Amino acid sequence: MKSIITMGILSGFLSLFGCRNRTDNTENVVQRAKQIEIAQLNGELTLLEQNKTEFDFIGITSNGIDCIYFVKENGKFQIEFEAMTENQIPYMDKLKSFANQNGYETQMTTYGNRPNYDAKEAPVLKIITNSNLEKTTEIGQKIQKDIFNNRAETKYDVVP
């Protein structure tokens, strides 16, 4: 039940500040997300592990397309990717392949979010890693590098 409530909160938050394609019209942005480089992911996940974040998940994105979420469930981490735009859809298969190649199960779900393309609800790919802090950091870094072709210097917004 807590997870359903949390995901409802996630849906509301994402509609306001979440991972969306960015535009060059940023002068209207009032709030700026915390930015990190991928080497700092461990520190953000430590805060999540220690319940020092607002919710039981965090996300990182550099451009709105490469948005992955780290979800804490029963003391372990899972990684999620929600296709809110058409540009994100091809990454669903790439992430499924990544998960299969690395021995992780995947699960398709939805949180009822309305995507910016012709579909009722945005699909969510959940990579079931059941991993600890260090392994989750490693997986997140590998996804950003291998799937989204991001570099070590790439700046990520931390959401929420």
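First, a word on what this report is: a plain description of the structure on this page. (Residues numbered from 1 in each chain as written. Predicted model: local features only at pLDDT ≥ 70, side-chain atom pairs only at ≥ 80, totals over all residues. Heavy atoms only, no water.)

Further remarks concern the nonpolar core. Formed by 30 residues in total, the largest nonpolar core has its most connected members in Ile60, Phe70 and Ile143. Elements with a contribution of two residues or more to this core: helix H2 (41–49), strand E2 (57–61), strand E3 (68–73), strand E4 (76–82), helix H3 (89–101), strand E6 (123–131), helix H4 (133–147) and strand E7 (155–159). Here this core gets 5 residues from one element, more than from any other, and that element is H3. Once residues lying within four places of it in the same chain are set aside, the contact partners of Ile60 are Ile36, Ile38, Leu41, Asp66, Cys67, Ile68, Phe70, Gln144, Tyr156, Asp157 and Val158. Core analysis: the next-biggest nonpolar cluster, separate from the first, contains 6 residues, Phe55, Tyr69, Val71 and Val159 among them. (Core = buried A, V, L, I, M, F, W, Y, C linked by side-chain atoms within 4.5 Å. Buried < 20%, exposed > 50% of the residue type's maximum accessible area, 1.4 Å probe, protein only. Helix = DSSP H or I, 4+ residues; strand = E, 2+ residues; numbered from the N terminus. Contact = heavy atoms within 4.5 Å.)

Summed over the entire model, instances satisfying the criterion amount to 4 aromatic pairs. Here the aromatic rings of Phe81 and Phe148 are separated by 5.9 Å at their centres, their planes lie at 40°, and the arrangement is tilted. In this pair, Phe81 sits in strand E4 while Phe148 sits in the loop between H4 and E7, placing the two residues 67 residues apart along the sequence. Phe81 gets classed as buried once you look at its relative accessible area, which sits at 2%. Looking at Phe148, the relative accessible area reads 9%, which means it is buried. Centroid distance Tyr91 to Phe148: 4.7 Å. Interplanar angle 35°. Geometry classified as tilted. Linking Tyr91 in helix H3 with Phe148 in the loop between H4 and E7, this pair joins segments that are 57 residues apart in sequence. Like Tyr91, the residue Phe148 is buried in the burial classification. Among the aromatic residues, those joined into a ring-pair cluster are Phe55, Phe57 and Tyr69. (Phe/Tyr/Trp six-rings, centres within 6.5 Å; stacked < 30°, edge-to-face > 60°.)

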